[in-house]
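The chain contents come next:
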Amino acid sequence: MAGIETYPRGRMKILSIRSQDFEISRRVEEFQNVVATITKVDFVPDDRKSFTSETSIGVLQNMIVGYGRHSASTAIRTVSHAAETDDNVMFHVPLSGSSSIEQRGGEYTELKPGLVYADPGEVPGVIRFHGEPTEGFYVSIPRSHFSAAARGLNAMLRRSVPLTPQWRVFFNYARSLHAEMSDLALEEAEQCATHVQDLALMALGATREAAEIAAGRGVRAARLKAIKAHIERNLTAPNLTADGVASRHGISPRYLRSLFETEGTSFGDFVAARRLALAYRMLSDPCNATSSIASIALATGFGDLSWFNVRFRRAYGMTPKDVRALARLR
């Protein structure tokens, strides 16, 4: 569709909507239709001829991050639009220019750089973009994530607050995620989204329990990183087992397995993947041209040659013999 750019299959989903990409004769109407469908707001430009707008939206399972740049215009979230939105809270962070927002049940609020505004998505309202241009960043997170910070969130809804150091950390991390999202794998982006959500809890003055949950995630991430480093150092050791690694790090085998399950894999599959990658490098290295495939399989920790061949072909779509042949042609 004209005016919308999406990234290729296999990469994170990014929507880029630019008014200037639409046919000039119907630019405003077509842009309005697309924006109303995707973002659930009606855009009304001050000047139809000079109107420009661009929005880049990164969509994750439990979070949306986006950037917008608009000429003078008004964005209206009608009652019907509000009824179609999820129960999310959108944090608006103005970057340049000036804008204002007024939502049902709240007061007219000026939005300027240095502030963050908490917008309950299910509430109708009007945003007015005054400057040429007005730029802003936003993060939308399910309200259910904030149950442990309900007091801080409720005090902020339909209001703006200064960008404290805590909010700046939240904003800077979320903006970096938005900038790099198209180059991240899904599981990597989702992991980053969890960090953004935890930073929002911190900025809202989450309860001690919520802070401990967020800290717990950090402990698990650090422990998994240490375990992976241990695996890399001992990758070719024949006695590299889940029980042995768990004992070495003072945790139970069950807990070790749960750490890898959070990344959608298992201890055995992770070790096999790292060993296969090492075998691939060795097969591609001319220095190992005289080493047999069986000896390379054994050197990289595989005791069963048939199993090695099956896993290698499944991982790379080629046999070890094919990889070696290609290396000789280079």
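Structure's up top.
Asks: Run through helix H9 (residues 267-284), naming residues and quoting values.
Replies: Taking 1.5 Å of rise per residue, 18 residues should cover 26 Å, and H9 covers 26 Å from first to last C-alpha, within 8% of that figure. Among the residues making up H9, those that are buried are Phe267, Phe270, Val271, Ala272, Arg275, Leu276, Ala277, Leu278, Ala279, Leu283 and Ser284.

Asks: Which residues make up the packing of helix H4 (residues 165-180) against helix H5 (residues 186-203), and what are the values?
Replies: Think of two packed helices as two axes; the pair is described by the angle between the axes and how far apart they sit. Packing of H4 against H5 brings their axes to within 8 Å, and their N-to-C directions diverge by 165 degrees. By the angle between their directions, the pair H4 and H5 is classed as roughly antiparallel. When the axes of H4 and H5 are compared, the crossing they make is left-handed. Together, Gln166, Trp167, Val169, Phe170, Tyr173, Ala174 and Leu177 of H4 and Ala189, Cys192, Ala193, His195, Val196, Leu199, Ala200, Met202 and Ala203 of H5 make up the contact between the two elements. Residue composition of the contact of H4 with H5, by class: 14 nonpolar, two polar and no charged.

Asks: Outline the environment of Trp167, supporting the account with residue identities and numerical values.
Replies: Counting through the fold element by element, Trp167 comes out in helix H4. A relative accessible area of 3% means that Trp167 is categorised as buried. Between the C-alpha atom of Trp167 and that of Phe312, which follows or precedes it by 145 residues, the distance is 47 Å. Beyond its immediate chain neighbours, meaning those up to four positions away, Trp167 contacts Phe91, Val116, Met156, Val161, Pro162, Ala203 and Leu204.

Asks: Requested: an account of unusual backbone geometry, with residues and values cited.
Replies: If you check the backbone angles, Arg158 has positive phi at about 65 degrees while not being a glycine. Among the secondary structure elements, Arg158 is positioned in the loop between helix H3 (150-156) and strand E13 (160-162). Note on Arg158: relative accessible area 25%, which makes it partly exposed.

Asks: Break down the sheet that holds strand E9 (residues 109-111) for me, citing the residues and quoting the values.
Replies: The strand order across the open sheet built from five strands is E3-E6-E11-E8-E9, with neighbouring strands paired in antiparallel fashion. Each having just a single partner strand, strand E3 (42-45) and E9 make up the two edges of the open sheet. Averaged over all neighbouring strand pairs, the angle between strand axes comes to 20 degrees, with direction disregarded. Sheet topology note: the E3/strand E6 (residues 73-77) ladder contains four bridges and is antiparallel. The residue of E6 that forms the bridge with Asp42 is Ile76.

Each value, and the rule that gives it
Residues numbered from 1 in each chain as written. Predicted model: local features only at pLDDT ≥ 70, side-chain atom pairs only at ≥ 80, totals over all residues. Heavy atoms only, no water. Helix = DSSP H or I, 4+ residues; strand = E, 2+ residues; numbered from the N terminus. Expected span 1.5 Å × (residues − 1). Buried < 20%, exposed > 50% of the residue type's maximum accessible area, 1.4 Å probe, protein only. Axes fitted to C-alpha atoms, helices over the stretch in contact; angles between N-to-C directions. Parallel < 35°, antiparallel > 145°, perpendicular 65-115°, else oblique. Left-handed = near helix turned anticlockwise from the far one by under 90°. Contact = heavy atoms within 4.5 Å. Nonpolar A, V, L, I, M, F, W, Y, C, P; charged D, E, K, R; others polar. Pairing = 2+ DSSP bridges.

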